[in-house]
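Now for the letters of each chain:
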Amino acid sequence: QVQLVDSGGGLVQAGGSLRLSCAASGRTFSSYAVGWFRQASGKEREFVQAISGGGGIYYADSVKGRFTISRDNAKNTVYLQMNGLKPEDTAVYYCAAGRGVNIRLIRGYNYWGQGTQVTVSS
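Residues numbered from 1 in each chain as written. Predicted model: local features only at pLDDT ≥ 70, side-chain atom pairs only at ≥ 80, totals over all residues. Heavy atoms only, no water.

Caption draft 1: Expanded view of the nonpolar core. Within the largest apolar cluster, 35 residues are counted, with the highest numbers of intra-cluster contacts made by L4, W36, L80, M82 and Y93. Sorting the residues of this core by element identifies β3 (18-25), β4 (33-39), β5 (46-51), β7 (67-72), β8 (77-82), β9 (91-98), β10 (109-112) and β11 (116-121) as the ones contributing at least two each. In terms of residues, this core owes the most to one element, β9, which gives 5 residues. Apart from residues lying up to four places away in sequence, L4 is in contact with C22, A23, A24, F29, C95, A96, A97, Y111, W112, G113 and Q114. (Core = buried A, V, L, I, M, F, W, Y, C linked by side-chain atoms within 4.5 Å. Buried < 20%, exposed > 50% of the residue type's maximum accessible area, 1.4 Å probe, protein only. Helix = DSSP H or I, 4+ residues; strand = E, 2+ residues; numbered from the N terminus. Contact = heavy atoms within 4.5 Å.)

This is the structure in structure tokens:
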């Protein structure tokens, strides 16, 4: 069982940076894959980036080179460092934990944070 709380969103100008945090509870958290998804207004939730329990990185082409996912298992926290933000990055961002199967897909995750709003202005 895993519980997730995501935070760190806010309003930034294009080109700015934000660091999102996903704080987790659960004895087996370190073995889980953790992914970040986002959902823009009126759009479907989409995969952003994930890190497997073994440290493998998975990403969407739209954020490669701009976003970096990392995890600190000692703190039970996963981060998403977002640089070079663009208006099209505006969305609610959600972290999620799963078993590492279908890691780029919503169905691969059993536990979800509540979401944190990221707004990027022009």
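From this point on, the discussion continues.
Caption draft 2: Focus on unusual backbone geometry. A positive phi angle is found at N76, which is not glycine, with a value near 50°. Tracing the sequence through the fold places N76 in the loop between β7 and β8.

Caption draft 3: Up close: the packing of aromatic side chains. Within this structure, the stated rule accounts for 5 aromatic pairs. Summarising the aromatic geometry, the rings of Y32 and Y111 are spaced 6.0 Å apart at their centres and angled 65° between planes, so their arrangement reads as edge-to-face. Placement of Y32 in the loop between β3 and β4 and of Y111 in strand β10 is noted, with a sequence separation of 79 residues between them. Exposure remark for Y32: the relative accessible area of 6% places this residue in the buried category. Ring plane angle 75° and centroid distance 5.7 Å describe the contact between F37 and F47, whose orientation is recorded as edge-to-face. Taken together, the positions of F37 in strand β4 and F47 in strand β5 put the pair 10 residues apart, joining distant regions of the chain. According to the relative accessible area criterion, F37 is buried, its value standing at 0%. Here the aromatic cluster, defined as three or more aromatic residues joined through ring pairs, consists of F37, F47, Y109 and W112. (Phe/Tyr/Trp six-rings, centres within 6.5 Å; stacked < 30°, edge-to-face > 60°.)

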